[in-house]
Structures are given as C-alpha cells and as structure tokens.
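Examining the three-dimensional arrangement
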Amino acid sequence: MTDTTTLRVRNADFWAQTAPGWARQADRHDEIGRPLGAVALEQLRPQPGERVLDVGCGCGGTTAQIARAVGPSGSAVGLDLAEAMVATARSRFAVPGGAGPQFVTGDIETIDAVPGAPFDAVYSRMTLMLLADPVAGLTTIRRSMRAGGRMAATVFRDGRANPWLPSALLGAAAHLGPLPPLPIGDDPGPFAFADAARMTGLLTAAGFTDVDIHPHDVTLDAPDDPEAVAEWLIEISPASNAYRDAEPTTQARARAGVARLLERFRTAGAGYRLPTGLWLTTAHSDRTSTR
C-alpha cells in the first residue's frame with residue numbers, strides 16, 4: 001500500500017494533467033455521463049432554499065443541476081481538486097451578479113473549511129473512490145454538514161460490472177507509450193470502493209450514521225460515432241496527457257484501438273450502450289452535532 005502523502009501528490013498531479021481533456025469533453029460528458037449520478041440526485045432531492053455541496057464537481061455540470069433545484073434562495077457549491085476544472089466550471093456556468101453555482105478549488109481531505117458550510121446536503125458523483133485518505137475526506141464532508149444533514153453519492157462497483165471501463169486505457173496504451181501507474185489494492189481508482197463492506201466501514205469511521213449502500217445498474221448511451229466516443233473516453237482517462245502530447249497519426253491509432261475494444265457495445269446506426277454497475281450510497285451526519 002502506497003503511503004497517503006505519496007497518493008495525495010500523485011492525485012494532484014494526475015488531475016492537473018487530465019483536466020484539459022475533461023474541459024474539452026465537458027459537454028459530452030455531461031450528456032453521456034448523466035446516468036452516473038442521476039440516482040444519487042434523485043435520492044438526495046435538493047429542495048428550494050437548501051445549501052448543497054457537490055464534492056468532485058469536475059467541470060460543473062452536476063453543480064449547475066443542483067443550483068437549478070435549490071433556486072435563488074438556496075446555494076450550490078462545487079468543490080474540486082483540479083484548479084483547471086474549477087476554472088472551466090466557472091466559465092461554463094457564470095451568472096451575472098454571482099447568483100448561480102459557486103465553485104471552489106480544494107482538497108476535501110485537507111481543506112480547513114468548505115465555503116458555504118454547514119450544508120443541508122452533500123452530493124458526490126464518482127469521486128469518493130478517488131480519495132487518497134477516504135476517512136479524512138469523508139470526515140471533512142461530515143463536518144461540513146449541519147446536524148442531521150444527508151449525503152447521497154455514487155461510485156463504481158467492480159470491473160465485472162463495468163466491462164467497458166478499461167477500454168480507453170487498454171486500447172490506447174499500445175500507441176501512446178508509458179502511462180501513469182495503475183491503482184494497486186485500495187489505492188485511489190475506479191474500483192477502490194468495489195467492496196461495499198469496506199465503504200461502509202470508512203463512512204462509519206468518519207462519523208456518518210444511517211449508512212445504506214446498495215447496487216444500481218445503469219446504461220450509458222453514446223452516439224454511433226466511434227472516433228468521438230473513443231476520444232471522449234481517452235481524454236477523461238489516465239491516457240489523456242499522453243494522448244494530448246501525441247502526433248495526430250498516433251492519436252488516430254489510439255482512437256482506433258479504443259474503438260475496436262468498444263465494438264461489442266455498439267450497434268451500427270444506433271450507437272453504444274455501456275453497461276455500468278454503481279453503488280448508491282446514502283448516509284446522514286450525526287443528528288445532534290456536526291463535530
């Protein structure tokens with residue numbers, strides 16, 4: 001197991017390098033990736049006037065959804081580790097007078113206080129599994145909530161429930177050269193929370209109550225455009241930085257490699273259907289104290 005300090009440095013470097021790809025793919029990811037967090041948002045049910053924190057907001061699409069739900073009398077704050085993603089979110093969802101969603105750069109594991117706290121609710125889409133020190137990050141989340149506040153989040157289950165997910169890395173790797181190290185064991189990564197019992201233990205250790213975790217299956221629908229779909233997945237994957245630096249001919253070969261691995265999920269003329277297995281997680285902060 002890699003030590004936490006090293007993992008934090010690795011995380012910060014990885015997301016700084018990957019952020020440009022996420023920014024370029026922001027609109028496409030908001031559309032195709034919507035099912036990844038929809039069930040958590042439905043469970044959370046943000047209400048007009050509430051204060052809601054979006055942990056791992058990326059380029060801001062989910063925070064903007066929450067802002068629409070809570071309305072002008074509420075507030076939606078998006079927090080992300082990657083400064084470039086936060087800058088993109090601010091640019092995409094700027095509202096005259098600052099009445100729209102607010103975006104903050106910070107590491108949920110080490111930030112002293114999240115602006116806007118205490119929150120009535122916390123939402124997170126596919127982020128908690130990426131924390132270097134999950135208990136530290138989850139504890140900060142819990143302390144940022146009002147007494148009895150609620151949280152809803154999604155993370156991936158295991159690789160068998162998400163058979164398309166490795167395609168971007170495996171299909172592109174042969175053409176792009178060395179890529180960042182893959183996660184080992186419980187290191188931050190897409191399947192770090194594959195074990196629901198581990199996730200329950202981490203949430204409990206962080207002080208959450210009423211922890212409930214159950215499986216949820218969705219399908220990501222993508223258009224019948226192999227090059228565009230391959231590029232979307234490459235640019236939001238660990239291959240993003242190497243792809244961006246590659247020559248156009250090498251990029252084309254990488255896209256073709258990914259498209260070949262994705263072919264089994266494609267119906268010509270109809271598009272892609274990517275089966276995705278999630279854990280839907282809900283919990284509450286302590287009902288008597290936020291400390």
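Please refer to the structure placed before this passage.
None of these values were measured; they are calculated from a predicted model.

1. Brief notes about the overall build of the protein
Within the protein, the regular secondary structure consists of 11 helices and 8 strands. Against the 2.2 N^0.38 benchmark of 19 Å for 291 residues, the protein shows a C-alpha radius of gyration of 19 Å, consistent with a compact globule. Residues counted as buried form 51% of the 291 residues belonging to the protein. Residue pairs at least 24 apart in sequence account for 82% of intrachain contacts in the protein once pairs closer than 6 positions are excluded. Per element, the accessible surface of the protein, about 12600 Å² overall, is 53% carbon and sulfur.

2. A few points about the side chain of Asp 107
Its location among the elements puts Asp 107 in the loop between β3 (102–105) and β4 (119–125). Buried charge Asp 107 goes without a salt bridge, the closest partner of opposite sign being Arg 8 at 4.4 Å. A polar contact is formed between the side chain of Asp 107 and the backbone nitrogen of Glu 109, at a distance of 2.9 Å. If we ignore the near neighbours within four places in the chain, the residues touching Asp 107 are Arg 8 and Leu 81.

3. Overview of the environment of Ser 75
Inspection of the secondary structure assignment puts Ser 75 in strand β2 (residues 75–80). It is 6.3 Å that separates the C-alpha atoms of Ser 75 and Val 52, two residues lying 23 residues apart in sequence.

4. Remarks on unusual backbone geometry
The omega torsion of the bond from Ala 117 to Pro 118 falls at 5°, within 30 degrees of zero and hence cis. Following the sequence through the fold, Pro 118 ends up in the loop between β3 and β4. With phi around 50°, Arg 45 is a residue other than glycine that occupies positive phi space. Inspection of the secondary structure assignment puts Arg 45 in the loop between α3 (35–44) and β1 (51–55).

5. Let's talk about the side chain of Asn 162
For Asn 162, the location among the structural elements is in the loop between β5 (145–156) and α7 (167–176). Its relative accessible area of 0% is what places Asn 162 among the buried residues. Excluding anything up to four places from it in sequence, Asn 162 contacts Phe 156, Arg 157, Phe 191, Pro 275, Thr 276 and Gly 277.

6. What about the pairing of β5?
Here β5 lies mainly inside the structure; 10 of its 12 residues are buried. Relative to β5, β4 is paired through 6 bridges, and the arrangement is parallel. In the strand pairing of β5, Tyr 123 is matched with Ala 152. Read as a crossover between parallel neighbours, the route from β4 over helix α6 (residues 134–143) to β5 is right-handed. In this structure, β5 lies alongside strand β8 (residues 271–284), joined through 7 bridges in antiparallel fashion. The residue bridging Ala 152 from the neighbouring strand is Thr 282, located in β8.

The rules behind these values
Residues numbered from 1 in each chain as written. Predicted model: local features only at pLDDT ≥ 70, side-chain atom pairs only at ≥ 80, totals over all residues. Heavy atoms only, no water. Helix = DSSP H or I, 4+ residues; strand = E, 2+ residues; numbered from the N terminus. Rg over C-alpha atoms; globule rule 2.2 N^0.38 Å. Buried < 20%, exposed > 50% of the residue type's maximum accessible area, 1.4 Å probe, protein only. Contact = heavy atoms within 4.5 Å. Areas by Shrake-Rupley, 256 points an atom, 1.4 Å probe, with all protein chains shown as cover. Lys, Arg positive; Asp, Glu negative; His and termini not counted. Salt bridge = Lys/Arg side-chain N within 4 Å of Asp/Glu carboxyl O. Polar contact = N/O pair within 3.5 Å; in protein donor to acceptor, adjacent residues only side chain to side chain. Pairing = 2+ DSSP bridges. Right-handed = clockwise from strand over helix to strand, strands pointing away.

Honestly, it's all geometry; don't read function into it.
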